[in-house]
Amino acid sequence: MLVYGLINSAVLALMALGFNLTFGISGVANFAYGAIYVVSGFLTWALINNLGLPYALSAVLTIVIIGVFGGLIYKFIIRRIRGLVISEVIATFGISIVILEFLRYIGFIGFKYSLPVFINGSVEILGTFVDIQRLFIIGFVIFLIAALYLFTHYTKVGLAFRGIAQEEHTSLSLGINPDRIAGWSMGMGSALGAFAALVILPLGTITVDSGYDVLISALSVCIVGGLGSTFGVIIASFIIGYAQTITATYVSAHWTMIVSLVAILIILAIRPSGLLGHQKELEERV
Amino acid sequence: MKENYRKERIARSIKARSDDIYALTSYREMWYLLFPRFIPIVGIAIVSYFLPLYWKKVAITTCIFAMLAVSWDFLSNCGLLSLGQALFFGIGSYTAGGLNHYLHLPIYVTIPVATVMGGFISTMILLPVVRLRGIYFAMVTLILPLMLMRLVEATKILGGTEGITGLSPFPNVWFEITLILAAMWASLFGLRRFIASDYGLIFVSMRDNDRATMASGINIYAFKAQALFIGSSICAFCGAFMTHSYQFTGMPVFAMEFSILPIAAAAIGGIGTLAGPLVGAMILVPLSEVLREFGTLRIVFYGLILVICVVALPEGIFHYASRKYNEMERWVKIE
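Position numbers for residues start from 1 in each chain and track the written sequence from start to end. Lettering for chains starts from A, numbering for ligands starts from 1, and both go in the order in which the items are written. Per-residue local features of the predicted model are confined to residues with pLDDT of at least 70, and side-chain atom pairs are confined, for both listing and counting, to 80 or more; whole-chain, interface and lining totals are unaffected and use all residues.

**Student:** Is there a simple way to explain the overall build of chain A in this structure?
**Tutor:** Helix and strand content of chain A: twelve helices and two strands. Exposed residues have 12 or fewer other C-beta atoms within 10 Å of their own C-beta, buried residues have 20 or more, and residues in between are partly exposed; the C-beta atoms are placed from the backbone. Taking all 286 residues of chain A together, the buried fraction comes to 52%. Partitioning the contacts of chain A with sequence separation of at least 6, the portion at a separation of at least 24 is 75%. Counting from the N terminus, the helices are the DSSP runs of H or I reaching at least four residues and the strands are the DSSP runs of E reaching at least two. Throughout, a pair of residues is in contact if the C-beta atoms placed from their backbones lie within 7 Å.

Structure follows, in structure tokens:
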């Protein structure tokens, strides 16, 4: 259970990172995130099975395509309504519904839609057998977090990300184009979503409904951890991940989704800005 | 030199004269005011009473969605951006269904009780998060109906996945239509008058600038709770009504459609006008009935409408129509 809790937490963290990146930097709550996650699963599946590309190539292609797709969504839709909270939410939510329900309509339902695992097999850790794929998830989360940290601290685009997150107008006066950088952040957030899909989806089948689940998980982790704070996301995913695993083991698997809601409610009651949300905290939320 | 023109827009003189109801001096002015209100009321009533039975049901559904849309717009007018009208709708529906099924209460008890109770329960559920603004509130309302659906599935209370069937129906379809039409117009005009009153001003000010409202010594959380109660009661009424109309309640009442269609209707009709969402629903629901054969593709269609309307036509039909009705345009030369 300890091990599965860890894996569950890693899955949650992976799901939330992309959403968190976009939101923390451009302030756009990407409600289409779950849809992007599902689309990347199906896209990889189609690349492998319909075009016959090797797995590695199609994975890379998917991440790139989805990243560009996210950037395009920003450029053509969100840029026009940026700053209008209601419109942003409605538009991204609309995009999400268009994508997910369209996928449902053209009939991507069934067990045949599953991605191959990287390496088959399982190992024994602390007395439980764990698929290697699940270990990969933990590895990838650590890798991603490290990569994100390096990216945002040592590259030009990464520094610009942090710049517009802190103070958009000042960064504009320093020659950073907030629109372009926000587009980049949206693209990268989407690419992270695609990445998460590639790593997590081999564990099960790709279903349209998981789009909504992913969105909910990402949202709850981000709310609990404090939106825009990567470290908060990690802590929150550990809390929710373990709480879910414990509930699934001792109560019933049906109740796991309730756990996130309860976590949100408790956090909002105690610390409305989330565990580690310090950036523009109260002003924005309450 | 090339002559340049600009479009000038000024209020019609009749609009200026009839703006204040006490100064009406002619039938023409009275008609100017009554026309946009009277014609839809009478028109929709006539149309819905004389339709064939199947389309009568469609008219009822239209009215239900129109009310959901009006209530969504009211909440968004109060600064509460809800992505989960299905929550309120579902709670009203389950309350009415439960009261009718387990306590065998007659229909004229269940609907009023479900309206008030549904509003109360929804407000209580959302009370901890009423402090949240904008996106955060939207996130929680998006999550809640999906969670409640899971809860019903997990605990198998209230009929579980099968739902509750065999509830008492309305005495006849005429009664049904009259009730829903009355409720729809009452909620629309009631809310319009409410928003225009001094008391309603506080609600609108919460959306415009909640900081300033707080600084004026107003407890905005109490007012937001009131707004939630009003908005969710309307939705709960719709839920209760729908339950008895279909004689069924179950997990589909938390479906995404009840959340997304009202928003789409508001986006088409014009957000912030209350009447606009009603117009939007009057267009969307019959249209989606025509498109029924496309199945789930309809929801794709709503989503597309949402994105297009929000991005390209942020004004909406109602703003456009009222501008044409109240103002005249002319080209004037730029000097």
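**Student:** Explanation requested: the overall build of chain B in the structure shown.
**Tutor:** A count of helical and extended segments in chain B gives 14 helices and four strands. Radius of gyration here uses only the C-alpha atoms, and the compact-globule reference equals 2.2 Å multiplied by the residue count raised to the power 0.38. Against the 2.2 N^0.38 benchmark of 20 Å for 335 residues, chain B shows a C-alpha radius of gyration of 21 Å, consistent with a compact globule. Split into buried and exposed, the 335 residues of chain B put 46% on the buried side. A separation threshold of at least 6 residues defines the contact pool for chain B, and within that pool the share at least 24 residues apart is 80%.

**Student:** It is not clear to me how the interface of chain B and chain A should be interpreted in this structure. Could you clarify?
**Tutor:** The figure often quoted for interface size is the accessible area lost as the parts come together. Contact with chain B, which involves 37 residues of that partner, is made by 37 residues of chain A. For the side of chain B that touches chain A, the secondary structure elements donating two or more residues are helix 6 (134–155), helix 11 (256–269) and helix 13 (297–312) of chain B. The element contributing the most residues to the side of chain B that touches chain A is helix 6 of chain B, with 13 residues. Note on residue categories: nonpolar means Ala, Val, Leu, Ile, Met, Phe, Trp, Tyr, Cys or Pro, charged means Asp, Glu, Lys or Arg, and polar means any other residue, Gly included. Across the side of chain B that touches chain A, the residue classes break down as 28 nonpolar, five polar and four charged.

**Student:** For this particular structure, what's the right way to read the packing of helix 3 (residues 53–77) of chain B against helix 12 (residues 275–290) of chain B?
**Tutor:** The relative placement of two packed helices comes down to the angle between their axes together with the axis-to-axis distance. All names here are of chain B. In the contact formed by helix 3 and helix 12, the axes pass within 8 Å of each other and the chain directions differ by 140°. In terms of orientation, helix 3 and helix 12 fall into the oblique class. Note on packing geometry: the crossing formed by helix 3 with helix 12 is right-handed. Seen from helix 3, the contacting residues are Val58, Thr61, Thr62, Phe65, Ala66, Ala69, Val70, Trp72 and Asp73; seen from helix 12, they are Pro277, Leu278, Gly280, Ala281, Met282, Val285, Pro286 and Glu289. Among the residues forming the contact of helix 3 with helix 12, the class breakdown is twelve nonpolar, three polar and two charged. A fitted line through C-alpha atoms represents every axis, and for helices the fit uses only the stretch in contact; the resulting angles, taken between N-to-C directions, go from 0 to 180 degrees. When describing relative orientation, an angle under 35 degrees is termed roughly parallel and one over 145 degrees roughly antiparallel, while 65 to 115 degrees is termed roughly perpendicular and anything else oblique. Crossing chirality is assigned from the near helix's rotation relative to the far helix, an anticlockwise turn below a right angle marking it left-handed and a clockwise turn marking it right-handed.

**Student:** Would you take a moment to explain the packing of helix 3 (residues 55–81) of chain A against helix 13 of chain B for this structure?
**Tutor:** Between helix 3 of chain A and helix 13 of chain B, the shortest axis-to-axis distance is 9 Å and the interhelical angle comes to 55°. Regarding the angle of helix 3 of chain A to helix 13 of chain B, the classification is oblique. Two packed elements cross with a definite hand, and for helix 3 of chain A against helix 13 of chain B that hand is left-handed. Contact with helix 3 of chain A, carried on its side by A:Ile77, A:Arg80 and A:Ile81, involves B:Val307, B:Val310 and B:Val311 of helix 13 of chain B and no other residues of that element.

**Student:** What should I look at first to understand the nonpolar core in this one?
**Tutor:** Taken as a class, soluble globular proteins show a tendency for nonpolar side chains to be buried jointly. Membership of the largest hydrophobic core comes to 190 residues, with the highest contact counts inside it found for A:Leu14, B:Ala264, B:Ala267 and B:Leu306. Sequence-distant contacts of B:Leu306, that is, excluding residues within four places in its chain, are made with A:Ile90, A:Ala91, A:Gly94, B:Ile263, B:Ala264 and B:Ala267. Remark: nonpolar core denotes a set of buried Ala, Val, Leu, Ile, Met, Phe, Trp, Tyr and Cys residues whose joining runs through C-beta atoms within 7 Å.

**Student:** Looking at this structure, I do not really get the pairing of strand 4 (residues 327–333) of chain B. What am I missing?
**Tutor:** Looking along a regular strand, one sees the side chains alternate between the two faces of the sheet. Residue and element names in this part refer to chain B. Little of strand 4 sits inside the fold, with zero of its seven residues counted as buried. Relative to strand 4, strand 1 (residues 5–11) runs antiparallel, the two being bridged by seven bridges. Paired with Arg6 across the two strands is Val332, which belongs to strand 4. Pairing between strands is defined by DSSP: at least two bridges between them are needed.

**Student:** What is the right way to read the environment of B:Met67 from this model?
**Tutor:** All names here are of chain B. Considering the arrangement of structural elements, one finds Met67 in helix 3. For the pair Met67 and Thr141, spaced 74 residues apart in the sequence, the C-alpha separation amounts to 18 Å. If near-sequence neighbours (up to four positions away) are discounted, Met67 is found in contact with Ala183, Met184, Ser187, Ile234 and Cys238.

**Student:** Explanation requested: the domain arrangement of chain B in the structure shown.
**Tutor:** All names here are of chain B. Segmentation of chain B into domains returns domain 1 (1–40) and domain 2 (51–328). By convention here, the domain bounds are inherited from an automatic or database domain assignment. Domain 1 and domain 2 are separated by 32 Å when their C-alpha centres are compared. With six residues of domain 1 at the interface, the matching set in domain 2 holds four residues. Of the residues assigned to the side of domain 1 that touches domain 2, the class counts are three nonpolar, no polar and three charged.

**Student:** What is the right way to look at the environment of B:Leu274 in this model?
**Tutor:** As for its position among the elements, B:Leu274 is in the loop between helix 11 and helix 12. Not counting residues up to four positions away in its chain, the partners in contact with B:Leu274 are B:Val70, B:Asp73, B:Phe74, B:Leu188, B:Leu191, B:Arg192 and B:Ile195.

**Student:** Explanation requested: the confidence of the model for chain A in the structure shown.
**Tutor:** Reading predicted coordinates in detail is not appropriate for stretches of low pLDDT. Per-residue confidence from the predictor is reported as pLDDT, which spans 0 to 100. Across chain A, the average pLDDT comes to 76, with 83% of residues at 70 or higher. Taken as a whole, residues 279–286 of chain A scores under 50 in pLDDT and shows 13 contacts with residues more than four places along the chain or in a different chain.

**Student:** Before we go on, may I ask you to explain the confidence of the model for chain B in this structure?
**Tutor:** All names here are of chain B. With 97% of its residues at a pLDDT of 70 or more, chain B has an overall mean of 82. The lowest-confidence element of chain B is helix 1 (residues 13–18), averaging 75 in pLDDT; the highest-confidence one is helix 10 (residues 220–246), averaging 89. Predicted complex metrics record ipTM = 0.72 and pTM = 0.82.

**Student:** Got a minute to help me understand unusual backbone geometry in this structure?
**Tutor:** Only a minority of non-glycine residues have a phi that is not negative, and only a minority of peptide bonds are not trans. Residues and elements named next belong to chain B. Despite not being glycine, His104 shows a phi value in the positive range, around 55°. With respect to the helices, strands and loops of the structure, His104 is situated in the loop between helix 4 (85–102) and helix 5 (107–126). Despite not being glycine, Leu274 has its phi angle at roughly 65°, a positive value. Residue Leu274 is classed as buried on the basis of its 25 C-beta neighbours within 10 Å.

**Student:** Would you take a moment to explain the environment of B:Leu167 for this structure?
**Tutor:** All names here are of chain B. By secondary structure assignment, the location of Leu167 is in the loop between strand 2 (164–165) and helix 7 (173–196). Residue Leu167 is classed as buried on the basis of its 20 C-beta neighbours within 10 Å. C-alpha of Leu167 to C-alpha of Thr243: the two residues are 76 residues apart in sequence and 7.9 Å apart in space. Excluding residues that lie within four positions of it along the chain, Leu167 makes contacts with Gly97, Asn100, His101, Thr243, His244, Gln247 and Phe248.

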